[in-house]
Amino acid sequence: MMVLKGAYRARTASAVPPGLDADRWVHDTMRQIRKVAKAPLRPDFMTLFGQAIWRWAPVTAIAGCLLAFWLFQFDFSADIDVATLLLEDPIGYSDLLWYEM
């Protein structure tokens, strides 16, 4: 709003479109400036949420790449979990094997 007021005050006579009354143009211009809605002082929740998402997106992507690199380096496999279940034979696990066949 202050920018518009500053532009209005810094106007020159040539800023008025030709064929219009200068006083009428000034009056109409100021009326339109006053109708412009003021921006909210504090952004709403969705705006802040969107900013947070985009702020953390590169960090998440880098962390995902580092995790994938680490997993491929150390040859991580889910077979370890299956072997642990078969070796320890927790209660009821052998019963589940019969249902899968």
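Residues numbered from 1 in each chain as written. Predicted model: local features only at pLDDT ≥ 70, side-chain atom pairs only at ≥ 80, totals over all residues. Heavy atoms only, no water.

Asker: What is the right way to look at the environment of Leu4 in this model?
Answerer: Summarising the element assignment, Leu4 is placed in helix H1 (residues 2-9). Leu4 sits 30 residues away from Arg34 along the chain, and the two C-alpha atoms are 9.8 Å apart. (Helix = DSSP H or I, 4+ residues; strand = E, 2+ residues; numbered from the N terminus.)

Asker: Can you walk me through helix H2 (residues 22-35) in this structure?
Answerer: An ideal rise of 1.5 Å per residue puts 20 Å on 14 residues; H2 measures up with 20 Å between its terminal C-alpha atoms. Val26, Thr29, Met30 and Ile33 are the residues of H2 that are buried. Take H2 and look down its axis: the buried residues cluster within an arc of 95°, on one side only. Opposite its buried face, H2 presents the exposed residues Gln32 and Lys35, each directed more than 90 degrees away. (Expected span 1.5 Å × (residues − 1). Buried < 20%, exposed > 50% of the residue type's maximum accessible area, 1.4 Å probe, protein only. Arc of directions from axis to C-beta.)

Asker: Would you take a moment to explain the confidence of the model for the protein chain for this structure?
Answerer: Segments scoring low in pLDDT should not have their predicted coordinates read at a detailed level. For the protein chain, the mean per-residue pLDDT works out to 76, and 66% of the residues sit at or above 70. Looking over the protein chain, one finds the lowest element-wise mean pLDDT in helix H5 (residues 93-100), namely 57, and the highest in helix H3 (residues 45-73), namely 92. (pLDDT = per-residue confidence, 0-100.)

Asker: It is not clear to me how H3 should be interpreted in this structure. Could you clarify?
Answerer: Quick reminder: α-helices carry 3.6 residues per turn. Residues three or four places apart thus point the same way. The terminal C-alpha atoms of H3 lie 41 Å apart, and with 29 residues this matches the ideal 42 Å at 1.5 Å per residue to within 8%. Roughly 35° is the biggest bend found in H3, and it falls at Ala57, with proline Pro58 one to four residues downstream. (Bend = angle between axes of the 7 residues up to and from the residue.)

Asker: Which parts of the structure should I look at to understand the pattern of salt bridges?
Answerer: A side chain with one charge can pair with a side chain of the opposite charge if their charged atoms come near. Evaluation of the coordinates by the stated rule reveals two salt bridges. Linking Asp28 and Arg24 is a salt bridge whose minimum nitrogen-to-oxygen distance equals 3.7 Å. Pair noted here: Asp28 and Arg24 are both in helix H2, with a separation of four residues, about one helical turn. What makes Asp28 partly exposed here is its relative accessible area of 23%. With a shortest N-O distance of 2.5 Å, Arg31 and Asp28 are connected by a salt bridge. Of the two residues, Arg31 and Asp28 both sit in helix H2, three residues apart, roughly one turn of that helix. Ionic contacts of the salt-bridge type, sharing partners, join the residues Arg24, Asp28 and Arg31 into one network. (Salt bridge = Lys/Arg side-chain N within 4 Å of Asp/Glu carboxyl O.)

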